[in-house]
Amino acid sequence: MTLEDARNVLGLGQTATFEQAVGAKNKMLERAGEDYETRMKVEAAYDVLLMDSLNRRQAGKIDPSIRFADVQKPAPPRVVGQMPDWVPKVDTPAINVPASGDIAVTAAVFAALGAWSLLEDTLQPTGTPTVPGLQLALGYGAAVYFLREKRKQKMGRANLLAVLGLAVGAAVGGIMEGWLRVDIVPIGGLDSGPVLVSEFVFVALWIASTFLD
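Keep in mind that this is a model prediction, so the values were computed, not measured.

Colleague: Sorry, what's going on with the overall build of the protein chain here?
Modeller: In terms of regular secondary structure, the protein chain is built from seven helices and zero strands. Scanning the protein chain from its N terminus toward the C terminus, one meets helices and strands in the order α-α-α-α-α-α-α. The proportion of buried residues among the 213 residues of the protein chain is 30%. Residue pairs at least 24 apart in sequence account for 66% of intrachain contacts in the protein chain once pairs closer than 6 positions are excluded.

Written out as structure tokens, the structure is:
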């Protein structure tokens, strides 16, 4: 099949670009349906135009920066340890000291929550386990609020930092609770392990919502 025959099969003029040839081929194949002979004829005409375009490129008649429409650009090599493109990028938390007034406000809120948890535990009969669930929920909400309003963080980032503070506080508090065992040897009126852990959580939430960006 000659170059002119290939253009006639695809209904293209002499000035048609290769991208137009690709579009014409796709349309004709769609119209051909299950007609095997027509599909073979279209594919053969396309191959002739493809080879002509390749030959002209090699001869320097086509700008090498122009890519064929049906040739996908190879993906750049991925660096070992690099996260996939679909994984959202998360900036590492950074310490940023705010104004003293903001520090005082957040400290007062979390100190009040901690005092509330301790008071609730001391009012319970000795040996009665106290879980300050409401105080922890309010502490988490306060941390997100301060991160949004004071630190101007987006909702996702604010929740991420609050969860980080919650996790670190719970981990440190759990270690301390295992060491002190206030359920066996109370400290003053404090005899609840969860309450002791919550105190460290409030400190960690205060740090996360006050100093982290």
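We are not done yet, so read on.
Colleague: What is the right way to read helix α3 (residues 36–58) from this model?
Modeller: Two residues of an α-helix separated by three or four positions point the same way, owing to the 3.6 residues in each turn. The terminal C-alpha atoms of α3, which comprises 23 residues, lie 33 Å apart, in line with the 33 Å expected from a rise of 1.5 Å per residue. At its buried positions, α3 is contacted by α1 (3–10) and α2 (18–32). N-capping of α3 is provided by D35, with a side-chain oxygen placed 3.4 Å from the backbone N of E37.

Colleague: Would you mind going over the pattern of salt bridges with me for this structure?
Modeller: Here the idea is simple: oppositely charged side chains can pair when their charged atoms come close. The final tally for this structure, using the stated rule, is three salt bridges. The shortest N-O distance in the salt bridge between R7 and E4 comes to 3.7 Å. You can see R7 and its partner E4 sitting in helix α1, three residues apart, about one turn around the helix.

Colleague: Hey, could you run me through a nonpolar patch on the surface in this one?
Modeller: A cluster of nonpolar side chains, contributed by W116, L134 and L138, occupies part of the molecular surface with about 290 Å² of accessible area. Looking at the element boundaries, L134 is found in helix α5 (residues 133–149).

Colleague: How should I be thinking about the packing of helix α4 (residues 100–123) against α5 in this particular structure?
Modeller: To characterise two packed helices, one gives the angle between the axes of the helices and the distance between these axes. For the pair α4 and α5, interaxial distance at closest approach is 10 Å and the crossing angle is 175 degrees. Viewed along their axes, α4 and α5 adopt a mutual orientation that is roughly antiparallel. Contact with α4, carried on its side by V105, T106, V109, F110, L113, W116, S117 and E120, involves L134, Q135, L138, G139, A142, A143 and F146 of α5 and no other residues of that element. Broken down by class, the residue content of the contact of α4 with α5 amounts to 10 nonpolar, four polar and one charged.

Colleague: For this particular structure, what's the right way to read the nonpolar core?
Modeller: The nonpolar side chains of a soluble globular protein tend to be buried, and buried together. With 16 residues, the main nonpolar core has F110, A143 and L205 as its most contacted residues. When contributions to this core are tallied by element, the ones reaching two or more residues are α4, α5, α6 (155–180) and α7 (193–211). Setting aside residues no more than four positions away along its own chain, L205 makes contact with F110, G139, Y140, A143, A162, G165 and L166. Ranked by size, the runner-up nonpolar core spans 10 residues in total, among them A6, L10, L12 and V42.

Colleague: How should I be thinking about the confidence of the model for the protein chain in this particular structure?
Modeller: Predicted coordinates in regions of low pLDDT should not be interpreted in detail. The pLDDT averaged across the protein chain works out to 82; a share of 85% of its residues lies at or above 70. By mean pLDDT, α2 is the weakest element of the protein chain at 83, and α5 is the strongest at 94. Below pLDDT 50 for its whole length, residues 63–73 participates in 19 contacts with residues either more than four positions away or in separate chains.

Colleague: Got a minute to help me understand the side chain of Q135 in this structure?
Modeller: On the secondary structure map, Q135 appears in helix α5. When neighbours within four sequence positions are excluded, Q135 is seen to be in contact with L113, W116, S117, E120 and F202.

Colleague: Help me understand the packing of aromatic side chains in this model?
Modeller: All chains considered together, the criterion is met by three aromatic pairs. Judged by centre distance (5.4 Å) and plane angle (85 degrees), the rings of W206 and F211 are edge-to-face. Three or more aromatic residues link up through ring pairs in this structure, and these residues are F110, Y145 and F146. The cationic tip of K25 hangs over the ring face of Y46; the distance from NZ or CZ to the ring centre is 4.0 Å.

About the thresholds
Residues numbered from 1 in each chain as written. Predicted model: local features only at pLDDT ≥ 70, side-chain atom pairs only at ≥ 80, totals over all residues. Heavy atoms only, no water. Helix = DSSP H or I, 4+ residues; strand = E, 2+ residues; numbered from the N terminus. Buried < 20%, exposed > 50% of the residue type's maximum accessible area, 1.4 Å probe, protein only. Contact = heavy atoms within 4.5 Å. Expected span 1.5 Å × (residues − 1). Polar contact = N/O pair within 3.5 Å; in protein donor to acceptor, adjacent residues only side chain to side chain. Salt bridge = Lys/Arg side-chain N within 4 Å of Asp/Glu carboxyl O. Patch = residues over 30% accessible without salt bridge, like charges linked within 9 Å, V, L, I, M, F, W, Y side chains within 5 Å. Areas by Shrake-Rupley, 256 points an atom, 1.4 Å probe, with all protein chains shown as cover. Axes fitted to C-alpha atoms, helices over the stretch in contact; angles between N-to-C directions. Parallel < 35°, antiparallel > 145°, perpendicular 65-115°, else oblique. Nonpolar A, V, L, I, M, F, W, Y, C, P; charged D, E, K, R; others polar. Core = buried A, V, L, I, M, F, W, Y, C linked by side-chain atoms within 4.5 Å. pLDDT = per-residue confidence, 0-100. Phe/Tyr/Trp six-rings, centres within 6.5 Å; stacked < 30°, edge-to-face > 60°. Lys NZ or Arg CZ within 6 Å of the ring centre and 35° of its normal.

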